Amino acid sequence: MRWVRTATFYVMLLVSTVLLGLTAIAIVLITHRSDWAHLCGRLWGNLNLRAAGVSVDVHGLERLNPQRPVVYAANHQSWFDIFAILGKLPVQFRWLAKEELFRIPILGHAMRLIGYVPIDRSDRKKAFQSLDEASRRVREGTSIVIFPEGTRSRDGVLQPFKKGGIILAIQSGQPIVPIALSGSHKILSKGSRWVRPGRIRMTIGDPIDTAGFSLQDRDRLIEMVREAIRRHLTEREGGSLEETGSVAQDRSAAL
């Protein structure tokens, strides 16, 4: 029954967050190996997928190059996008994540120690400092995952992209790897608490080279990345440029 599956998921979410969060913190403090602690994140993602009865079909793994730092750009339909990427993307990476997540006890502390980068979109200056920090880490060899839409889609349809994540990629000089996530909105939609078992299709696209792009070219790059994601979504999920636009237009939505 749906309420049993939902209860099972939330119990697992609570228990796994506490136990694996504390484990990740201990690993970093004792060994100073954030890459080992990231494996706790992978386990956390997989445990919560299993508890919810969610399977993930992954396509395009052959396009990954673990030896080269990149910016992974994924669409965002549900919390389960986070579990799917953590659990099924078999490379080391760090998140560029909204600051509110870092305020969650244990989880937030573990995220900071592992090296995830918080971004405060309510403070423009701090947000750009976070983008600078993230681009520096990519240049130094750490891959970063971003959600260019900035937040979860309410209806599962691809939203306009904010510019901040694309600016990060241009400043890093490294490729953008698009990740299309299809089906997660049906599992747990924004504003809902009920979990529905199901299947997510995760497609890793061809890397998009940012070499030769300047900040003045960011809108063109946004269109390229958005289309690379949209082509792997369903017709409804992909929407259309006429319906959603490709770029967030107002300055307050740039991040």
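To be clear, the structure that these remarks concern was listed above.
Please read all numbers here as calculations on a predicted model, not as lab measurements.

1. Considerations on the sheet that holds strand E3 (residues 94-98)
Then, in step 1: Pairing in this open sheet of seven strands is mixed, and the strands run E1-E7-E6-E2-E5-E3-E4 from one edge to the other. Each having just a single partner strand, strand E1 (54-59) and strand E4 (117-119) make up the two edges of the open sheet. Pairwise comparison of adjacent strand axes, ignoring direction, gives a mean angle of 25 degrees for this sheet.
Then, in step 2: Summarising the sheet, E3 and strand E5 (residues 144-146) pair through two bridges and their orientation is parallel. Opposite Trp-95, over in E5, you have Val-145 as the bridge partner.

2. Section: the pairing of strand E7 (residues 198-204)
Then, in step 1: Taken together, the six bridges between E1 and E7 define a ladder with parallel strand orientation. When the sheet's bridge partners are listed, His-59 is paired in E7 with Thr-203.
Then, in step 2: Pairing geometry for strand E6 (residues 176-182) and E7, over four bridges, is antiparallel. Bridging from a neighbouring strand, Ala-180 pairs with Thr-203 of E7.

Analysis parameters
Residues numbered from 1 in each chain as written. Predicted model: local features only at pLDDT ≥ 70, side-chain atom pairs only at ≥ 80, totals over all residues. Heavy atoms only, no water. Pairing = 2+ DSSP bridges. Helix = DSSP H or I, 4+ residues; strand = E, 2+ residues; numbered from the N terminus. Axes fitted to C-alpha atoms, helices over the stretch in contact; angles between N-to-C directions.

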